[in-house]
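One-letter residues, chain by chain:
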Amino acid sequence: MSLETFKALLEREIAANEHKGPWEDWQPSADRALRELQIHQEKLRAALTNGGREAISEHCADLALIACKIHERFGAPALEPSTLQHAALAS
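Overview of the structure. The written sequence of each chain sets the order in which its residues are numbered from 1. In keeping with the model being predicted, local features are shown solely for residues with a pLDDT of at least 70 and side-chain atom pairs are shown and tallied solely at 80 or more, while totals for entire chains, interfaces and linings include all residues. Here the side-chain values reflect all heavy atoms present in the structure, with hydrogen atoms and water set aside.

A closer look at the nonpolar core
Formed by Leu-9, Leu-10, Ala-61, Ala-64 and Leu-65, the largest nonpolar core amounts to five residues. Segments assigned H or I by DSSP are reported as helices when at least four residues long, segments assigned E as strands when at least two residues long, and all are numbered from the N terminus. Mapped by element, the contributors of at least two residues to this core are α1 (3-16) and α3 (53-74). Sort the elements by how many residues they give to this core and α3 lands first, with three residues. With residues up to four places along the chain from it excluded, the contact list for Leu-65 reads Leu-10, Glu-13, Ile-14 and Trp-23. Here, nonpolar core means buried Ala, Val, Leu, Ile, Met, Phe, Trp, Tyr and Cys residues that are tied together by side-chain atoms lying within 4.5 Å of each other. Exposed residues in this analysis have more than 50% of their type's maximum accessible area, buried residues have under 20%, and partly exposed residues fall in between, with area computed by a 1.4 Å probe over protein chains only. Here, two residues are considered to be in contact whenever any of their heavy atoms come within 4.5 Å of each other.

Describing the pattern of salt bridges
Once the charged atoms of two side chains with opposite charge are near each other, the side chains can pair. Only one rule defines a salt bridge in this text: a Lys or Arg side-chain nitrogen within 4 Å of an Asp or Glu carboxyl oxygen. Within the structure shown, the criterion is met by four salt bridges. With a shortest N-O distance of 2.7 Å, Arg-12 and Glu-54 are connected by a salt bridge. Of this pair, Arg-12 sits in helix α1 while Glu-54 is found in helix α3, placing the two residues 42 residues apart along the sequence. With its nearest N and O atoms 3.1 Å apart, the salt bridge here joins Glu-72 to Lys-69.

Some remarks on the packing of aromatic side chains
The geometry of two aromatic rings is summed up by the distance between their centres and the angle between their planes. Note on aromatic contacts: the rings of Phe and Tyr and the six-membered ring of Trp form a pair at centre separations within 6.5 Å, being stacked when their planes are under 30 degrees apart, edge-to-face when over 60 apart, and tilted otherwise. Per the counting criterion, the structure on display carries one aromatic pair. Aromatic side chains Trp-23 and Trp-26 sit 5.7 Å apart centroid to centroid with 45° between the ring planes, which places their arrangement in the tilted category. Looking at Trp-23, the relative accessible area reads 24%, which means it is partly exposed. Classification of Trp-26 by relative accessible area gives partly exposed; the value is 27%. Only lysine NZ and arginine CZ atoms are considered, and such an atom sits over a ring when it is within 6 Å of the ring centre and within 35 degrees of the ring normal. Seen from the ring of Trp-23, Lys-69 lies directly overhead, with NZ or CZ sitting 4.6 Å from the centre.

Listed below in C-alpha cells is the structure:
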C-alpha cells in the first residue's frame, strides 16, 4: 500500500466519523488520547486474530489518526515538508 492509498484511507475514516463532530475540534487530554490508543489497539488485535482485511485497515487508520492528534496536541511544532525532506536526506 502506498502512502497515497493510506492517506485516502485516513481521509475516509475522518469522513466516517464526522457525526462525532469536526476532527479539528477534538482536543483530548493526554490520558484520553492514550486510552483511545488502547481501545483501538484492542480492536486491531481482534481484527488481526479474526481476519477481515477491511477491519484491519480501518483500525490501522484509527490508530494513525490518534497518533497524528497526539503529535498535533503534544508533539513538536509543525515542520514544513521541505524541512522534513531535508532532515530525511541528512540521515
